[in-house]
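This is what each chain is made of:
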Amino acid sequence: MRALLMCGFLVLAPLAPAWAFGADSLVGSRSPEFVLRDMDGKYVSLTALRGKVVVLNFWATWCPPCRKELPTLEDLHREYSRRGLAVVAVSTDSTEKGIRKFLSENPMNLRIVHDRDGRVSQLYGVFSLPTTFIIDRRGIVMKHYVGEQDWSSSQVRSLIENLLETSSRRRAPSPGVTPVFFDKPKRSF
């Protein structure tokens, strides 16, 4: 019977939507660790952000819904960063040049990192932009959004307030996860 069920799963699995085994499966789990560089060349890692509530947004400069929601993410950052919120926008653009041009026209204070080869997007099962994850102070993925969101909505603000309030009473665990560097320069021999 078990073999029959497994066989049925293997036949049906390719027909399942991509999210069935990707980003949605992260909710309730520890967020995958990574290290990327920001636009100033500084490393940004989830381990370093442990103890903060993190809004992890995957976006691209060529994506109209991404561009539309970024100002409300910037407002969220401005309003809650002193209370322990970190907004990290992971650009999936192929080159840094486009990101820099976009930022020169649209200055932002939230952290922008570059996932130039798409490995972090794959790690998170991102198949559509924008995609956003809300991660609590312990590093657990609490919520997953696909598509443009209004980050100024009372529903989102309530979730953020609740996570900032409830998770501030808990002590963040030690990282215990080895970061994966995705943008280390390759050595030539």
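What you are looking at is a predicted structure, and each value in this text was computed from that prediction instead of being measured. (Residues numbered from 1 in each chain as written. Predicted model: local features only at pLDDT ≥ 70, side-chain atom pairs only at ≥ 80, totals over all residues. Heavy atoms only, no water.)

**A short note on the overall build of the protein chain**
Helices and strands together make up the secondary structure of the protein chain, namely six helices and seven strands. Every one of the 189 residues in the protein chain was classed for burial, and the buried ones make up 44%. Across the protein chain, contacts joining residues at least 24 apart in sequence account for 70% of those joining residues at least 6 apart. For the protein chain, the exposed surface amounts to about 10700 Å²; the carbon and sulfur share of it is 55%. (Helix = DSSP H or I, 4+ residues; strand = E, 2+ residues; numbered from the N terminus. Buried < 20%, exposed > 50% of the residue type's maximum accessible area, 1.4 Å probe, protein only. Contact = heavy atoms within 4.5 Å. Areas by Shrake-Rupley, 256 points an atom, 1.4 Å probe, with all protein chains shown as cover.)

**As for the packing of aromatic side chains**
Following the criterion strictly, the structure yields six aromatic pairs and no others. Ring geometry for F58 against Y124: centres 5.6 Å apart, planes inclined by 45 degrees, an arrangement best described as tilted. Of this pair, F58 sits in strand β3 (residues 53–59) while Y124 sits in the loop between α5 (119–123) and β6 (131–135), and the two are 66 residues apart along the sequence. When sorted by exposure, F58 lands in the same class as Y124, which is buried. Following the ring pairs from residue to residue traces out a cluster consisting of F34, F58, Y124 and F133. (Phe/Tyr/Trp six-rings, centres within 6.5 Å; stacked < 30°, edge-to-face > 60°.)

**Brief notes about the side chain of S31**
Its location among the elements puts S31 in the loop between α1 (2–12) and β1 (35–37). In this structure S31 comes out as buried when scored by relative accessible area, which is 4%.

**Focus on the pairing of strand β4 (residues 85–91)**
Each regular strand displays side chains that alternate between the two surfaces of the sheet. Of all the seven residues making up β4, seven are buried; the element is thus mostly covered by neighbouring parts of the structure. Taken together, the seven bridges between β3 and β4 define a ladder with parallel strand orientation. Along β4, the bridge assignment pairs L56 with V88. In this fold, the crossover linking β3 to β4 by way of helix α3 (residues 64–80) has right-handed handedness. (Pairing = 2+ DSSP bridges. Right-handed = clockwise from strand over helix to strand, strands pointing away.)

**As for the state of the cysteines**
By the definition in use, this model includes one disulfide. Between the sulfur of C63 and that of C66 lies a disulfide, 2.4 Å long from S to S. Its S-S torsion of approximately 75 degrees makes the covalent link between C63 and C66 right-handed. Overall, C63 belongs to the buried group, its relative accessible area being 4%. (Disulfide = S-S within 2.5 Å.)

**Observations concerning the confidence of the model for the protein chain**
Caution is warranted with low-pLDDT regions, since their predicted coordinates should not be read in detail. Per-chain confidence: the protein chain averages 83 in pLDDT, with 76% of residues scoring 70 or above. Confidence drops under pLDDT 50 across residues 185–189; counting only partners more than four residues distant or on other chains, this segment forms one contact. (pLDDT = per-residue confidence, 0-100.)

**Quick notes on the pattern of salt bridges**
If you walk through the whole model with that rule in mind, you get nine salt bridges. The shortest N-O distance in the salt bridge between K68 and E148 comes to 3.7 Å. Taken as a pair, K68 in helix α3 and E148 in the loop between β7 (141–146) and α6 (154–168) lie far apart in primary sequence, 80 residues in all. What makes K68 exposed here is its relative accessible area of 59%. With a relative accessible area of 36%, E148 lands in the partly exposed category. The closest approach of N and O atoms between E74 and R78, which form a salt bridge, is 3.8 Å. With E74 and R78 both in helix α3 and four residues apart, the pair spans about one turn of that helix. Judged by relative accessible area, E74 falls into the buried class, the value being 7%. A network of salt bridges, in which partner residues are shared, links E74, D75 and R78. (Salt bridge = Lys/Arg side-chain N within 4 Å of Asp/Glu carboxyl O.)

**Some points on the environment of D38**
Relative to the helices and strands, D38 resides in the loop between β1 and β2 (43–45). C-alpha of D38 to C-alpha of V90: the two residues are 52 residues apart in sequence and 9.0 Å apart in space. Non-local contacts of D38, meaning those with residues more than four positions away in its chain, are made with V44, I112 and V113.

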